[in-house]
Amino acid sequence: MQTFFVEIKCKLGKTYDVASRLADAEIASEIYSTAGNFDILAKFHVDDDVDIGHFIGEKVHPIPDILDTHTIITFKAF
């Protein structure tokens, strides 16, 4: 299992819409609103054979009102 986080920047006023669409898609294990350079932090788990880049490009980027993303790949939980 691979775990990674994606910081998501949304169009102004669209954070809750994007978060709802993420939740409805049931692809993220956790979704948080954040302050700073990005509006949402989403946590994902995918099988080891899943290409993270393709997953983000096919499942996250098509969600309307997303302006930018930043992916954080994790190695070990403590």
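Nothing here was measured: the structure is a model prediction, and the numbers come from that model. (Residues numbered from 1 in each chain as written. Predicted model: local features only at pLDDT ≥ 70, side-chain atom pairs only at ≥ 80, totals over all residues. Heavy atoms only, no water.)

A. Molecular detail of the packing of aromatic side chains. One pass over the full model with this rule turns up three aromatic pairs. Consider the rings of F4 and F55, whose centres lie 5.9 Å apart with planes at 85 degrees: the pair is edge-to-face. Taken together, the positions of F4 in strand β1 (residues 2–10) and F55 in helix α2 (residues 52–60) put the pair 51 residues apart, joining distant regions of the chain. Judged by its relative accessible area of 0%, F4 falls in the buried class. Taken together, a centroid distance of 5.7 Å and an interplanar angle of 70 degrees make the contact between F44 and F55 edge-to-face. Pair noted here: F44 is in strand β3 (residues 40–46) and F55 is in helix α2, with a separation of 11 residues, a long-range link. (Phe/Tyr/Trp six-rings, centres within 6.5 Å; stacked < 30°, edge-to-face > 60°. Helix = DSSP H or I, 4+ residues; strand = E, 2+ residues; numbered from the N terminus. Buried < 20%, exposed > 50% of the residue type's maximum accessible area, 1.4 Å probe, protein only.)

B. Layout of the pattern of salt bridges. Counted according to the given criterion, the structure contains four salt bridges. Between D65 and R21 there is a salt bridge, with the nearest N and O atoms lying 3.5 Å from each other. Here R21 lies in helix α1 (residues 15–25) and D65 lies in the loop between α2 and β4 (66–73), a separation of 44 residues in the sequence. Put simply, K43 and E30 hold a salt bridge, and the shortest N to O gap is 3.5 Å. Here E30 lies in strand β2 (residues 30–33) and K43 lies in strand β3, a separation of 13 residues in the sequence. For E30, a relative accessible area of 29% translates into the label partly exposed. Residues participating in the shared-partner salt-bridge network are K11, R21 and D65. (Salt bridge = Lys/Arg side-chain N within 4 Å of Asp/Glu carboxyl O.)

C. Broad picture of the nonpolar core. One finds F4, I8, L22, F44, F55 and V60 to be the most contacted residues of the largest nonpolar core, which totals 18 residues. Among the elements of the structure, β1, α1, β3 and α2 are those that each provide at least two residues to this core. Not counting the four nearest positions on each side in its chain, L22 is found in contact with I8, I27, I31, I40, A42, F44 and I63. (Core = buried A, V, L, I, M, F, W, Y, C linked by side-chain atoms within 4.5 Å. Contact = heavy atoms within 4.5 Å.)

D. Spatial organisation of unusual backbone geometry. Despite not being glycine, E26 shows a phi value in the positive range, around 55 degrees. Within the secondary structure layout, E26 lies in the loop between α1 and β2. A positive phi angle is found at D65, which is not glycine, with a value near 75 degrees. Residue classification places D65 among the buried positions, given a relative accessible area of 16%.

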